[in-house]
Every structure is written in C-alpha cells, then in structure tokens.
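# Descriptive analysis of the structure
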Amino acid sequence: MTSRRLPEADDGEQHLLGVPSRASGGSCLEPNAPTPGFVYVLAFTSALGGFLFGYDTGVVSGAMLLLKKEMNLSTLWQELLISSTVAAAALSSLAGGSLNGWLGRRVSILVASFIFTVGGLILGLAPGRGVLLVGRIVVGLGIGIASMTVPVYIAEVSPSHLRGQLVTINSLFITGGQFIASVVDGAFSYLKHDGWRYMFGLSIIPAALQFFSFIFLPESPRWLLQKGQSQEAHQVLSRIRGGQDIKEEYDRIQANIEEEKEEAGEGGLVILRILRHGPTRRALMVGCGLQMFQQLSGINTVMYYSATILQMAGVRSDRQAIWLSVVTSATNFMFTLVGVWLVERVGRKKLTLGSLLGTGLSLSLLAVGFLLSALSSPPISLHPQNSTCSLYESCESCMLDPHCGFCYRENASQVFDSSCVPVDEASTDGPAGGRCSNQSEAADSPLWAYNYCPTSYSWVVLLGLILYLAFFAPGMGTTPWTVNSEIYPVWARSTGNACSAGVNWICNVLVSLTFLHLAQFLTYYGVFFMYTGLVAMALLFVLTCLPETCGLQLEEVENLFAGPLCSCSHSSPRGVQYSRVNDSSYLPSGVQDSDTD
C-alpha cells in the first residue's frame, strides 16, 4: 500500500500526530470556523435514536416492578423480558453494518425509528406476557441498528473541529433517555394498574418525530460518493456546510474513496478485507477493545441494577430506592454534558484515561462500602426454623441466599431477636413462618428485610455510585462510540462499527446476566473489587493502544494505525510524526508501503 498524502495542516511546519495543534492551548476546536446551524439540526435529530436507545433500556427496570405483580411473572420471565432486548440489539447491530452499506445511513435511521414506533405500540397494547416479549425483541432490533448507525452518520456530516462534540451528543441523548425513563418510572409507579403501558408507550413520541424528520433530511455525502452519486454528494455537502467553499473537502473525500477502491478492490466480504488490511484490522481491535472495556467496567450493572444495589446497601423502602436511582441517572446525564464540553478540549485519550482512573477509584469506594456493611452485619441470634436458612450466622450470609430473608427487631439502631427465614415463594412481600410471620403494626413488631441488611453505611455506597457515574460518563461513557465513528476508512466504516457495537452488546448481556450470580458467589464487595481490576486492565489498554484522533479529518485518521498496534515506546500517542513534503502535503514519517504489521 502506498503512503496516503494528507492535506496541509493549518499551522506550523510539522506536528506530532495525536498532539493537536489546530488551536492554541492544545485544543482541537477552531473557534473562528463558522458552523452552519443545519449541522446541529442533523446531529440532534439523528441523536433521537440515542435517546430511544437510553429510554428503552432504562424504562424496563421500573416497569418490571409493576409487570411482575400484574402478570404474575416468574423469575425466568423477568429475565427474558430484560435480556431479550439486549440480545436482539446485539444481533441487529451486527446486521446493521450490511444495512448501512446497502441502504445508507439515512435509510437505516428511518428503519430504526420505524421499528421503535412499532415496538412501542406492541408494548403499550400488549394483552399478555407473550406479546410483551415480542415487543421487547422488536425494540431491541431498533436499538441495535440505531446504536451503530447514529454515531457514523453524525461523524460523516460533522466538520472535523466539532466532530467529537457532535458525536458525543448521541451519548448525551442516551443518558438523557435513561434519566427521563427513571423519572417516568417513578411517576407512573403510583398507578395501581397499567402504569407500565404508559412507561413503554411514551417511546412512540420521539420515535415518530425522528421518522418524519428524516424523511426530509439528507444522506451522508461520504456514502453517496462511495456509491458513485457524485453530483448529489456535492449538493448535500454544500447544503450541510451552508454554502461555504467545499472544493477542498469534497476533493479530499473523493480522492480518499477512489484510492481505497483501488487498494482494497471491490470483491469479497468487507470483514475479510478488514482482517487482511493491517491498519484497518488494528483499528478494529482498538474499537472492539474500547467497547468491551466500556461494559466490563460495570456500567450496566449500575444502570440496570441501581435500585437493587441501593437496596443491597441497606435502603429499606422500594420506592425510596427507585427515586434514589433517579439521582444516579441524573448524575449520568449531567456528567455526559461535561464530556461533550471536554472531548474537543482535552482530546479523546486524556479524557478516557482520566475517566478510567476516577471510575476505578469509585468502584473501590463502592466495594469498601459493601465491605464495611458486611463487617458490621448483625449476627443472627435465633434459629427457630428447620431449614437451610437457619444455618446462617449473620445477616450478610443470609442475604446472599435469594431464598432467605432477615427478620429482626430494632431499638436505637441496635438489632436484636434476629433470624434468617425462608421467603414465601408465592409472594416476595414476606417470609413463610418464623418470627415475621405474624407481623402487626405495633411499634415493637419484627421487621422484614429482603435483599438488604440493616446498616449505617448506605451513604458510602450511594456516594460511590454517584462518583462512579460522574467519572464514567464524560469519558468511557462517550469516547468508545466517538472513536469508533472516526477510526475506519469509509469502505469499512459500517462493518467496523457493526462489529464493535456487537461486541458492546454481547458484553452487555454478559455483565447484566451475571451480576446477581457473581454477587452471590463473590459477595457484593467482591464483585466490585473484580470490576476495579478490569478497569485497571482497561487503563493499560487505553494508555498503550488508543491514538488521539482529535482535530483530524476522517480521511487522515486511518494513518494512525499504520504502525504497530500497542506501544509505550513513543513520546506521542502513536509515535507517528507528520512532516512537510514538496507538494505542501503532510505524510506520516516512517510509514512503510506495506499492510503488514
């Protein structure tokens, strides 16, 4: 492969690749560059797909509290209704790459918003759990397509100096959707019947708005050029840039696409071409690694189980746990705004490293909170039942068994007359037999605790959750999607994003389906110490493998992967340097005419 000639940099004779010099102070922003308002319209309208992504994954936690009572759902059915959406998203995100390449970004977003609308209607009108399951699967198909299409579309229509911020808006809309979903859950939890229908059905409004808006919005000019529609691509790019001079940008995109076609050829599966082509293969490894570590950092443990985690930490009221989870969702949303502001000012790599460092410390605080609760766990003083529950010696060990609950009296925060008793399989509201079987309203009546122990350390866990989201949201919550929208050449962009999004959803399923079992096996504090270790691995990966894409044109980014994948031996993020050549272009020094590692 011949070295790609890159357009002249705006300032200086040379700069280190990954150390932005496009604006003073190391920022990637060009504050004097005019940005047409139409670019923001495209970004916000397409990011409605991210809002639906967040809403439909977040709303189920509160809706499940109502559904399991109204439809008498077993544990298996509850797991199916949650995991079916994530599994369907994993499959459709992988298929979304072919859909993007075949139909284009705009039509793929139209398809996703139509699927969201149909899924919302099915869920809102579902007569029974079977139809409800179908609705959750349909919604999952829409989530998968939207999760990999929206960042690509925004990246391809954005000017380079705002690309990071505009792609991050999609992550902001995801967390905003989760926050709105938690508020809606709290509001409709007061309805005795059919509150879940309103929770699910409200997703129709943003889905329909996005569908009808995109009927009138344009296709990505890069996709149009790739398909040979040069005249329409020129018109769309001119419209997006507000009538500015687009000759240089248009020629660069066109030359890049033509050169890629010559190098890669037209035949064969795209994924095989990616694996054969060294720089693109390395980009795929970085993109999939970021998405994998985003999930292995435990984010969806926190988002799916925030109310459960708070209850585990000693919050006694179900409703109080739900409303406290709104606080965590609000924190996630607010600090994603910080990420939107920082992504072009400090760059992707520094933002991700700082995010991971704070995330690891916050997970350690969460683990310490649960450890303190375990060390101060009240001992069991009575063993009146002839069951496995009677074998436990403390509340902590009793709580780790989902078939047992803790019965106790309390006086001045001192626990006495405590026992571990079986849970009534017909109702999770109380135990079968034992000291709590005949509870009365008297002040000295025994208290029933299921899934939590009386503790004075609940505030430590709540603080850990808030700090976790405050650090995770600006960096690891946003940069995996932003970086994946940038690092692939146009011929591999759909497939590369589909593969990385598929890895994200597969790891999502893995984390969300194993958390409660891991908590039983490792204890609550053990599982969070495990996530801390995984974050340490993510730090090492980002430090050695992630290049800085801040401020570069999409056509320049693939040169970042021309050298070895992971190395600490270079002073710059990738150790690749740009230098001026005779034709006033920039070439990465030391890049070999080879695709091999």
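The shown structure was predicted, so the numbers you read here are calculated from the model rather than taken from an experiment.

With respect to burial, strand E2 (residues 404-411) is a largely interior element, 6 of its 8 residues being buried. Pairing between E2 and strand E3 (residues 414-422): 7 bridges, direction antiparallel. Looking at the pairing, Gly405 lines up with Val421 of E3. Sheet topology note: the E2/strand E4 (residues 447-449) ladder contains 3 bridges and is antiparallel. For Phe406, the partnering residue across the bridge sits in E4 and is Ala449.

Further remarks concern the environment of Ala449. Of note, Ala449 is situated in strand E4. Taking the relative accessible area as the measure of exposure, Ala449 reaches 0% and is therefore buried. Once you skip the residues sitting within four places of it in the chain, Ala449 turns out to touch Met399, Gly405, Phe406 and Tyr408.

This next bit is on the packing of aromatic side chains. Applying the stated criterion across every chain yields a total of 16 aromatic pairs. Ring geometry for Phe406 and Tyr408: centres 5.4 Å apart, planes at 25 degrees, overall stacked. Exposure remark for Phe406: the relative accessible area of 0% places this residue in the buried category. Take Tyr408: its relative accessible area is 1%, and that puts it in the buried class. An angle of 65 degrees between the planes, with centres 6.2 Å apart, marks the rings of Phe528 and Tyr531 as edge-to-face. With Phe528 and Tyr531 both in helix H22 (residues 524-545) and 3 residues apart, the pair spans about one turn of that helix.

Further remarks concern the state of the cysteines. Scanning the model with the defined rule gives 3 disulfides in all. Through a disulfide, Cys389 is tied to Cys404; the S-S separation comes to 2.0 Å. One disulfide, between Cys389 and Cys404, carries an S-S torsion of -85 degrees and so falls in the left-handed class. With Cys389 in the loop between helix H17 (348-375) and helix H18 (395-399) and Cys404 in strand E2, the pair connects residues that are 15 residues apart, well separated along the chain. Pair check on accessibility: Cys389 and Cys404 agree, each one buried. Across the disulfide from Cys398 sits Cys420; the S-S distance is 2.1 Å. Here Cys398 and Cys420 share a disulfide; its torsion about the S-S bond, 85 degrees, makes the bridge right-handed. Here Cys420 lies in strand E3 and Cys398 lies in helix H18, a separation of 22 residues in the sequence.

Calculation rules
- Residues numbered from 1 in each chain as written.
- Predicted model: local features only at pLDDT ≥ 70, side-chain atom pairs only at ≥ 80, totals over all residues.
- Heavy atoms only, no water.
- Buried < 20%, exposed > 50% of the residue type's maximum accessible area, 1.4 Å probe, protein only.
- Helix = DSSP H or I, 4+ residues; strand = E, 2+ residues; numbered from the N terminus.
- Pairing = 2+ DSSP bridges.
- Contact = heavy atoms within 4.5 Å.
- Phe/Tyr/Trp six-rings, centres within 6.5 Å; stacked < 30°, edge-to-face > 60°.
- Disulfide = S-S within 2.5 Å.

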